[in-house]
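The primary structure of each chain is shown beneath.
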Amino acid sequence: MKWMLFVLVFGSYPVETNLLFDNLDACLKAEQTMRKEYARSYSQSTWTEGNIGQASDPSVVSRYGQKTTATCISHG
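Residues numbered from 1 in each chain as written. Predicted model: local features only at pLDDT ≥ 70, side-chain atom pairs only at ≥ 80, totals over all residues. Heavy atoms only, no water.

Chemist: Just to check I follow, could you spell out the pattern of salt bridges for this structure?
Modeler: Once their charged atoms are close, side chains differing in charge can pair, the charge on each being opposite to the other. Using the criterion set out here, one finds two salt bridges in the structure. Where K2 meets D22, a salt bridge forms, and the shortest distance between an N and an O atom there is 2.5 Å. Of the two residues, K2 is situated in strand β1 (residues 2-9) and D22 in the loop between β2 (13-21) and α1 (24-43); the sequence distance between them amounts to 20 residues. By relative accessible area, which is 38% here, K2 ends up partly exposed. Close ionic contact of E31 with R35 constitutes a salt bridge, the shortest N to O distance being 2.1 Å. Remark: R35 and E31 occur in helix α1; sequence separation between them is four residues, near one turn of the helix. (Salt bridge = Lys/Arg side-chain N within 4 Å of Asp/Glu carboxyl O. Helix = DSSP H or I, 4+ residues; strand = E, 2+ residues; numbered from the N terminus. Buried < 20%, exposed > 50% of the residue type's maximum accessible area, 1.4 Å probe, protein only.)

Chemist: Please explain the nonpolar core as it appears in this structure.
Modeler: A general trend in soluble globular proteins is that nonpolar side chains are found buried together. In this structure, W3, L5, V7, F21, C27, M34, A70 and C72 together form the largest nonpolar core, which totals eight residues. Of all the elements in the fold, those that place two or more residues in this core are β1, α1 and β3 (69-75). The element best represented in this core is β1, accounting for three residues. In this view, C27 contacts W3, M4, L5, F21 and C72; residues no more than four positions away in its chain are not counted. (Core = buried A, V, L, I, M, F, W, Y, C linked by side-chain atoms within 4.5 Å. Contact = heavy atoms within 4.5 Å.)

Chemist: Looking at this structure, I do not really get the sheet that holds β1. What am I missing?
Modeler: Pairing between sheet strands relies on hydrogen bonds along the backbone, with the strands arranged either parallel or antiparallel. Read from one edge to the other, the open sheet built from three strands follows the order β2-β1-β3, with strand pairing classed as antiparallel. Two strands close off the open sheet at either side, each with one partner strand: β2 and β3. Averaged over neighbouring strand pairs, the angle between their axes works out to 30 degrees when direction is ignored. Two strands pair when backbone bridges link them, and β1 and β2 are joined in this way by six bridges, in the antiparallel orientation. Within the sheet, the bridge partner assigned to M4 lies in β2 and is L20. (Pairing = 2+ DSSP bridges. Axes fitted to C-alpha atoms, helices over the stretch in contact; angles between N-to-C directions.)

Below you can see the structure in the form of structure tokens.
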């Protein structure tokens, strides 16, 4: 069975990535890598430096995609 990485942009907008993996472990590792990259991008970027104080505001976090998550779904 193949597994596809499925992303929820802003925590609610589903996006098919068409990234297929042979096993669930590989898909979950890709999801973990994506989360780390988002965290790195938003914690060490010039965006955070320019928006001090807003980076932890829940509405800003959601609006700028910091709540972007992913999951793996079976693909037949």
